[in-house]
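# Close look at the chain arrangement
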Number of protein chains: 2
Amino acid sequence: MKCRVCREPAVIDVRRHNANFCRDHFLRLCRDQVTKAIDEFEMLQPGERVLVAVSGGKDSLALWDLLLDLGYDADGLYIGLGIGDYSDDSGEYARAFARSRDANLIEIDLRTEYGYDIPTGARAARRKPCSACGMSKRHVFDAAAIDGGYDAVATGHNLDDEAAVLLGNVLHWHEEYLGRQLPVLPEHNGFPRKVKPLVRLAEREMAAYCVLRGIDYQVDECPMAEGNRHLAYKDALNTIEVRSPGAKHDFYFGFLARAVERFRDDSIDLAEALAPCTRCGAPTPTEVCAFCRLVERATTAQPVTLSPGPATARGGAR
Amino acid sequence: MKCRVCREPAVIDVRRHNANFCRDHFLRLCRDQVTKAIDEFEMLQPGERVLVAVSGGKDSLALWDLLLDLGYDADGLYIGLGIGDYSDDSGEYARAFARSRDANLIEIDLRTEYGYDIPTGARAARRKPCSACGMSKRHVFDAAAIDGGYDAVATGHNLDDEAAVLLGNVLHWHEEYLGRQLPVLPEHNGFPRKVKPLVRLAEREMAAYCVLRGIDYQVDECPMAEGNRHLAYKDALNTIEVRSPGAKHDFYFGFLARAVERFRDDSIDLAEALAPCTRCGAPTPTEVCAFCRLVERATTAQPVTLSPGPATARGGAR
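Structural notes, computed from the coordinates. This one's a predicted model, so the numbers in the text were calculated from it and none came from an experiment. (Residues numbered from 1 in each chain as written. Chains lettered and ligands numbered in written order. Predicted model: local features only at pLDDT ≥ 70, side-chain atom pairs only at ≥ 80, totals over all residues. Heavy atoms only, no water.)

## Some points on helix α1 (residues 23-40) of chain B
Residues and elements named next belong to chain B. As a reminder of what qualifies: Where helices and strands are cited, they refer to DSSP runs of H or I of at least four residues and of E of at least two residues respectively, numbered from the N terminus. Each residue after the first adds 1.5 Å to the expected span of a helix. Throughout, exposure labels follow a simple rule: accessible area from a 1.4 Å probe, protein chains only, divided by the maximum for the residue type, with under 20% read as buried, over 50% as exposed, and the rest as partly exposed. Whether two residues are in contact is decided by their heavy atoms: any pair within 4.5 Å suffices.
If you check α1, its first and last C-alpha atoms are 26 Å apart, about what 18 residues at 1.5 Å a residue would give, namely 26 Å. Within α1, burial applies to H25, F26, L27, L29, C30, Q33, V34, A37 and I38. Buried residues in α1 make contact with β1 (12-14), β2 (19-21), α2 (58-69) and α9 (203-213). Positive backbone phi, at 50°, marks E42, one or two positions downstream of α1.

## A look at the packing of aromatic side chains
All names here are of chain A. The cut-off we apply is this: Only Phe, Tyr and Trp rings take part, Trp by its six-membered ring, and two of them pair if their centres are within 6.5 Å. Stacked means planes under 30 degrees apart, edge-to-face means over 60, and tilted covers everything else.
A full pass over the atoms with the stated rule returns 17 aromatic pairs over all chains. Here W173 and F263 contribute two aromatic rings whose centre-to-centre distance is 6.3 Å and whose plane-to-plane angle is 25°, an arrangement assigned as stacked. Here the residue W173 occupies a position in the loop between α7 (159-171) and α8 (175-179), and F263 occupies one in the loop between α11 (247-258) and α12 (264-272), the gap between them amounting to 90 residues. Take W173 and F263: they sit in the same class, and that class is buried.

## Describing the relation of the copies chain B and chain A
Where we set the bar: A residue counts toward the fit only if its pLDDT is at least 70 in both copies, and the copies are then superposed by least squares on the C-alpha atoms of those residues.
Between chain B and chain A, the superposition needs a rotation of 180° and an axial shift of 0.0 Å, giving an RMSD of 0.0 Å. Taken together, the rotation angle and the small translation identify this as a two-fold axis. Relative to the rotation axis, the C-alpha of A236(B) is the closest in chain B, positioned 2.5 Å from it. In this assembly, 100% of the residues forming the interface of chain B have copies in chain A that are likewise at the interface, indicating an isologous arrangement.

## A short note on the interface of chain B and chain A
Which entries qualify depends on this criterion: A 1.4 Å probe defines the accessible area here, and the buried area is the portion of it lost by two parts on being joined, summed over both. Should a side-chain nitrogen of Lys or Arg be within 4 Å of a carboxyl oxygen of Asp or Glu, the pair is scored as a salt bridge. Under this definition, polar contacts are N or O atom pairs within 3.5 Å; protein pairs additionally need one hydrogen-donor-capable and one acceptor-capable atom, and for neighbouring residues in sequence, both atoms have to be side-chain atoms.
Tallying the contact residues gives 27 residues for chain B and 27 residues for chain A. For the pairing of chain B and chain A, the buried interface totals around 2400 Å² over both sides, and the portion due to carbon and sulfur atoms is 62%. Contact with chain A buries surface across chain B, with L171(B), W173(B) and R262(B) losing the most and accounting together for 32% of the total. Counting the contacts that link chain B with chain A gives four salt bridges. A salt bridge links R262(B) to E175(A); the nearest nitrogen and oxygen atoms lie 2.6 Å apart. In this structure, the connection of chain B to chain A is made through nine residue pairs in polar contact (both at pLDDT 80 or more). Within the residue set of the side of chain B that touches chain A, elements represented by two or more residues are α7 (159-171), α10 (229-243) and α11 (247-258) of chain B. The element contributing the most residues to the side of chain B that touches chain A is α10(B), with eight residues.

## A closer look at the sheet that holds strand β8 (residues 193-195) of chain B
All names here are of chain B. Formally: At least two bridges found by DSSP between two strands are what make those strands a pair. Axes here refer to lines fitted to C-alpha atoms; in helices the fit is confined to the stretch in contact. Angles between the N-to-C directions go from 0 to 180 degrees.
In space, the six strands of this open sheet follow the order β5-β4-β3-β6-β8-β7, with mixed pairing throughout. The sheet terminates laterally at β5 (105-109) and β7 (184-185), the two strands that pair on one side only. Sheet topology note: the strand β3 (residues 49-54)/strand β4 (residues 73-80) ladder contains six bridges and is parallel. Looking across to β4, one finds that L51 is bridged to D75. Across the sheet, helix α3 (residues 84-101) is in contact with β3, β4 and β5; its angle to β4 comes to roughly 160°. Helix α6 (residues 129-148) rests against β3, β4, β5, β6 (152-154) and β8 of the sheet, and its axis sits at about 155° to β3.

## Remarks on the nonpolar core
Definition in use: Residues belong to one nonpolar core when they are buried, are Ala, Val, Leu, Ile, Met, Phe, Trp, Tyr or Cys, and are joined through side-chain atoms within 4.5 Å.
Core analysis: the largest hydrophobic core is formed by 135 residues, its most contacted members being F26(A), L67(A), W173(A), F26(B), L67(B) and W173(B). Contacts of W173(A), omitting those with residues within four sequence positions, involve L178(A), F263(A), L166(B), V170(B), D250(B), F251(B), G254(B), F255(B), R258(B) and A259(B).

## Structural notes on the packing of helix α10 (residues 229-243) of chain A against α10(B)
Filter applied, for reference: For this classification, under 35 degrees means roughly parallel, over 145 means roughly antiparallel, 65 to 115 means roughly perpendicular, and everything else is oblique. Two helices cross in a left-handed way if the nearer one is turned anticlockwise from the farther one by less than a right angle. They cross in a right-handed way if the turn is clockwise. Three classes are used: nonpolar for Ala, Val, Leu, Ile, Met, Phe, Trp, Tyr, Cys and Pro, charged for Asp, Glu, Lys and Arg, and polar for all others, with Gly counted as polar.
Direction vectors running N to C along α10(A) and α10(B) enclose 165°, while the axes themselves pass 10 Å from each other. It follows that α10(A) is roughly antiparallel to α10(B) by the angle criterion. α10(A) and α10(B) meet at a crossing whose hand is right-handed. In this structure, α10(A) uses R229(A), A232(A), Y233(A), A236(A), T239(A), I240(A) and R243(A) to contact α10(B), whose residues at the interface are R229(B), A232(B), Y233(B), A236(B), T239(B), I240(B) and R243(B). For the contact of α10(A) with α10(B), the class distribution of residues is eight nonpolar, two polar and four charged.

## So, the pairing of strand β5 (residues 105-109) of chain A
All names here are of chain A. The following threshold applies: For crossovers, right-handed means that the path from the first strand over the helix to the second runs clockwise, given strands pointing away from the viewer.
Relative to β5, strand β4 (residues 73-80) is paired through five bridges, and the arrangement is parallel. The residue bridging I79 from the neighbouring strand is I108, located in β5. With respect to chirality, the unit in which β4 leads through helix α3 (residues 84-101) into the neighbouring parallel β5 is right-handed.

## Quick notes on the pairing of β4(B)
Within β4(B), seven of the eight residues are buried, which leaves the element mostly enclosed by the surrounding structure. The parallel pair β3(B) and β4(B), bridged by α2(B), forms a crossover whose chirality is right-handed.

## Focus: the side chain of H139(B)
Residues and elements named next belong to chain B. For H139, the position within the fold is in helix α6. For H139, a relative accessible area of 14% corresponds to the buried category. In contact with H139, not counting residues within four places along its chain, are C280, A282, C289 and F291.

## Some points on the environment of L171(A)
Looking at the element boundaries, L171(A) is found in helix α7. With a relative accessible area of 4%, L171(A) lands in the buried category. Apart from residues lying up to four places away in sequence, L171(A) is in contact with Y233(A), L237(B), I240(B), D250(B) and F251(B).

## Describing unusual backbone geometry
All names here are of chain B. Unusually for a residue other than glycine, N18 sits at a positive phi of about 50°. As for its position among the elements, N18 is in the loop between β1 and β2. Non-glycine residue D102 carries a positive phi angle of around 55°. Mapped onto the elements, D102 comes out in the loop between α3 and β5. Classification of D102 by relative accessible area gives exposed; the value is 73%.

## Here's the deal with the packing of α2(B) against α3(B)
All names here are of chain B. Two elements in contact, α2 and α3, have axes separated by 11 Å at closest approach and are oriented at 15°. One way to sum up the angle between α2 and α3 is to call them roughly parallel. Between α2 and α3 the crossing geometry is right-handed. For the pair formed by α2 and α3, the contact residues are L61, W64, D65, L68 and D69 on the first element and Y93, A94, F97, A98 and R101 on the second. Residue classes in the contact of α2 with α3 are distributed as seven nonpolar, no polar and three charged.

## Focus: the sheet that holds strand β7 (residues 184-185) of chain A
Residues and elements named next belong to chain A. Spatially, β5-β4-β3-β6-β8-β7 is the arrangement adopted by the six strands of the open sheet, whose pairing is mixed. For this open sheet the edge positions go to β5 and β7, each flanked by a neighbour on one side alone. The sheet contact formed by β7 and strand β8 (residues 193-195) spans two bridges and is antiparallel. The residue of β8 that forms the bridge with V184 is V195. Against the sheet, helix α2 (residues 58-69) contacts β3 (49-54), β4, β5 and β6 (152-154), and its axis sits at roughly 160° relative to β3.

## Considerations on the pattern of salt bridges
Inspection of every chain in the model, using the stated rule, returns 47 salt bridges over all chains. The partner of K58(A) in a salt bridge is D59(A), and the shortest N-O contact between them spans 3.3 Å. Judged by relative accessible area, which is 16%, K58(A) ranks as buried. We classify D59(A) as buried; its relative accessible area is 14%. Residue R258(A) is joined to E175(B) by a salt bridge in which the shortest nitrogen-to-oxygen separation is 3.8 Å. With R258(A) in helix α11 and E175(B) in helix α8 (residues 175-179), the pair connects residues from two separate chains. Among the charged side chains, a salt-bridge network with shared partners connects R31(B), D65(B), D69(B), R101(B) and R213(B).

Quick look at the structure:
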C-alpha cells in the first residue's frame, strides 16, 4: 500500500478517493479538503474571528487544530453538559488541547451558569437527551458568538454526520430542515453565521487525523446518545458506503447541487417569522424561546444523578 | 396474539399498523389497502380493462388475485425472459394461477418474439442484467397494453419496492426519476397509464397473502439480481424499519405528500421531448429507442448459457 502522492508506504486508505496516503500527505489532504470547503461555500474570510464549538471529541479538536494551522483567529468554546464522567473527561481533552496549542478555550458550565445539566434538563422538559442537548448547545454557542463579537461559529460536523442528518430529514421529509441543511448558514435575524468546514471529510478520517497529529480525544460515545436514531442512520449509510465508496459524498453534495434549493422557500418563511425572546432576546418563533422554557423547567426540577445502568442512560428514568 | 378486529387467534402481526390479524381479517386488510390506494390515487375506474404484469412471484400473483376479486377485468401478461430454470419455473407458477382462477394469461417469449433473452441481451448491450431486463419488460408491457386496448398496466410494486427505489433515487438525487416516482402515471405521449395498487402493502404481507390464499409462487430471487443495489437499499431500509415501524411508509408517502411536486418540472420537460422511435414507434428521446438498440445488439450476439457459477450470475462473464 503506497501513498498516491509520494509512493512511500501509506498509513491509510481512503476508498472514497480510491487512494492511499502516507502520514504527511494524508494530513495535507485534510487541510486541502477543509480549505476547499471553506472556499467553495464562502464560509470564512482570512483574518476572521471564529468560535469553534469544542466537545473534546475527534471532530471538534481536529477542526480547531486545522483552523489554527490555516491561520484563522480561532477560539474554542467548551460547554459543561454535566453528563457525569463523560463530561468531566471531555473537558479535560479540550483543555489539554488548548494548552498544547496555546489557544484560548472559553468554558461555560450549564449548571453554574444556567442552573441545570443535560440529564436533569432532558428529564424535566420531557425531551430526548440529544434533543435537549443540541438545543442547549446551539443557544449557548449562538449567544457566546454574538456577545464575543465573533464572525462565525464553526462546528465539527463531518461528512458522515451531514449525510446521516440528511438521511433522517429525507426519511421524514422535514421540508424546513431540508431547506436549511447547508454547510454555511449566513448571519440572519440575530443568529451568527454557522459554518461546517469538515463536510468534505469522513468520520474515520478525523479519527486518523487526531491519531496522526497526536491529539488525545474523547473516544467514547456520549452515554445518553446510545441507540439514538442518528446512529441508526449512520449504520444504514455505512452498509451502503461499503458497497459503493463515495455514496455518502454523492448523497450529500448531490443534495446541495440539485435539491436543497427546491426546499428553500419553507425555511425562508420560517426565518421571517422570528422575533426576540422576551426573556433572553434570542430570535424565536414563540414569545419565550425553547431554551428559556427548558431552563425554567429544569431549574425547578430535582437533579438527576447519572449511574451506569441502561435505564439512566436513556434520560434518567428509573 | 389476537386479531385486532375479531379477537380470534391471529396469524400475522403487522407492526406498521401496531396490530395483529386472523386469516380473514388480514386478507380483508389487503383488499382494503388496495382499494384505498386505487381510490386515493385514482388508479382505475370500475369496469376498466387492466393488464397485470405477471412475473410468477408473490407480488404480481397477489395483485392479479386482488384485482380479480375486486371485480376488475384483469388479464395477465407473462414475459419469458430466458433466465434458465428460474424463468421456466416462474412461467409455470403464472400459468397455474391463471388456470386456478380461469383468467386470461398472455405470454410473450423474448427469444421467440424478439430473438434474444436477458442474459444475452444484457451482455451484448453491456448493461447490468436488471437494467436490460427492466427496460425490456417496460417496452413489451407498454406495447402489449397499447395494442390490446387496455386502460392501464398494473405492476406489483409494493411498499418495500417503492421505498427502496425512492432511497436509490434520493441517494443519487436523480431529479427526473424523483419527479415521476408516483403510484400512478397517466397515459401520455403514447405510453399507457401505469398503476401500482400494492404501494400500501409491504413485501412480507404479500408473501403472507399468497400463503394464506394458497397461491404457489416463485420464491427464489432472480439469480441475475444477486447483489444488486436495489437489494442493498432494501436491507438499509429494513434496519431502519425494525427500529421504527412505519418508517418506510412515512418515507414514501411523505415524499408523495411533500416532495414529489418539487421535482415535477424536470420530468415534465423530459416527457415533452419525446418522439416516436423510427423502428418500432414507441415514444423515445432518441431516434431509435433503447429497446430497439438492445434488440439489434442482442440478436447479433452469441447466446449466453446460464450455469450456476457466481460469475455467470453477474451477466454471463466468464
